[in-house]
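Each chain, written out:
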Amino acid sequence: PAALLRHVSLEGLMRARAAALGADPPPPGEGAGRLWASAAGVWSPLHYDEQDSALVQVVGRKRMLLWPPESLDELDPYPEGHPLERRLRARVTGARPEGGEGHGPGTAAWADAMDAAALEVVLEAGDAVFFPARWAHHTEALHPAPGAPDPPGDPGLSVSLGLRLEGGRLL
């Protein structure tokens with residue numbers, strides 16, 4: 001079944017709250033995090049960000065695969081100026097390629113090299129991960145761990161807070 005992935009600008013929520021209360025809106029850039037809510041099994045496309053980032057897991061579990069900037073060319077980025085700029089075309093999840101000649105994308109040797117270069121992080125509620133600018137990442141909401149209590153509401157719910165940083169400041 002199709003599941004929904006949403007992100008909400010915290011700045012937008014803070015501005016809406018201020019308007020509802022008749023208060024002054026926050027200065028631009030405050031509350032610039034994003035709240036991600038999704039069902040288990042939903043994933044974000046492989047991409048990289050131009051700023052340092054942090055992800056805080058609030059509810060449920062999330063798995064991240066991260067690759068250092070040296071791996072970007074191997075992960076086949078869309079060209080600069082393309083509508084999907086900063087997204088990467090390499091398939092890093094799903095069925096593994098079998099055989100294939102050489103070491104290019106789609107070969108078993110390439111898949112082995114990408115696996116070796118990747119870092120895997122599994123976030124539980126309360127965990128956070130920081131990753132520098134230009135680190136490629138694939139993110140997937142997970143089902144609760146076997147034997148773990150179900151989170152409130154939907155047992156497959158994953159909620160994360162994503163933050164972008166520049167020079168140690170929240171963007």
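Residues numbered from 1 in each chain as written. Predicted model: local features only at pLDDT ≥ 70, side-chain atom pairs only at ≥ 80, totals over all residues. Heavy atoms only, no water.

### What to know about the overall build of the protein
Filter applied, for reference: Helix and strand assignments come from DSSP, with helices taken as H or I runs of at least 4 residues and strands as E runs of at least 2, each series counted from the N terminus. Buried means the residue's accessible area, taken with a 1.4 Å probe over protein chains only, is under 20% of the maximum for its type, while exposed means over 50%, and partly exposed covers the values in between. Note on definitions: a residue-residue contact is assigned when non-hydrogen atoms from the two residues lie within 4.5 Å. Computed by Shrake-Rupley with a 1.4 Å probe, the accessible areas treat only the displayed protein chains as cover when residues are assessed.
Within the protein one finds 2 helices and 10 strands. Expressed as a percentage of the 171 residues in the protein, the buried residues total 32%. Partitioning the contacts of the protein with sequence separation of at least 6, the portion at a separation of at least 24 is 76%. A total accessible area of about 10,100 Å² is found for the protein, and carbon and sulfur atoms account for 56% of it.

### Digging into helix α2 (residues 108-117)
Test applied: Think of it as the arc spanned by the lines of direction from the helix axis to the C-beta atoms.
For α2, the complete set of buried residues consists of W110, A111 and M114. Looking straight down α2, one finds that the buried residues subtend no more than 100 degrees of arc, so they occupy a single side. Summarising the contacts, the buried residues of α2 are in contact with β5 (61-67).

### Re the environment of Q51
Inspection of the secondary structure puts Q51 in the loop between β3 (43-47) and β4 (52-59). By relative accessible area, Q51 is classed as partly exposed at 21%. For the pair Q51 and R164, spaced 113 residues apart in sequence, the C-alpha separation works out to 6.1 Å.

### Some details on the pattern of salt bridges
Here is the rule we go by: Whenever a carboxyl oxygen of Asp or Glu lies within 4 Å of a side-chain nitrogen of Lys or Arg, that contact is scored as a salt bridge.
Tallied over the entire structure, the rule returns 7 salt bridges. Put simply, R86 and D49 hold a salt bridge, and the shortest N to O gap is 3.1 Å. Of the two residues, R86 is situated in the loop between β5 and α2 and D49 in the loop between β3 and β4; the sequence distance between them amounts to 37 residues. Owing to a relative accessible area of 28%, R86 belongs among the partly exposed residues under this scheme. Where R134 meets E50, a salt bridge forms, and the shortest distance between an N and an O atom there is 3.6 Å. A residue pair is termed long-range when its members are at least 10 positions apart, and R134 in the loop between β7 (128-131) and β8 (136-142) and E50 in the loop between β3 and β4 qualify at 84 residues. Each member of the salt-bridge network shares a partner with another, and the members are D49, R86 and R164.

### Thoughts on the environment of E74
With respect to the element layout, E74 can be found in the loop between β5 and α2. A C-alpha to C-alpha distance of 7.9 Å links E74 and A90, two positions 16 residues apart in sequence.

### Brief notes about the sheet that holds β5
Selection criterion: Strand pairing is assigned whenever DSSP identifies at least 2 bridges connecting the two strands. With axes taken as lines fitted to C-alpha atoms, and helix axes fitted only over the stretch in contact, angles between N-to-C directions fall between 0 and 180 degrees.
Pairing is antiparallel in the open sheet, where 4 strands are placed in the order β3-β8-β5-β6. Of all the strands in the sheet, just β3 and β6 (119-124) have a single pairing partner and so form its edges. Across the sheet, the mean angle from the axis of one strand to that of its neighbour is 15 degrees, orientation sign disregarded. Note that β5 and β6 share 6 bridges and pair antiparallel. Within β6, the position partnered with R61 by the bridge is E124.

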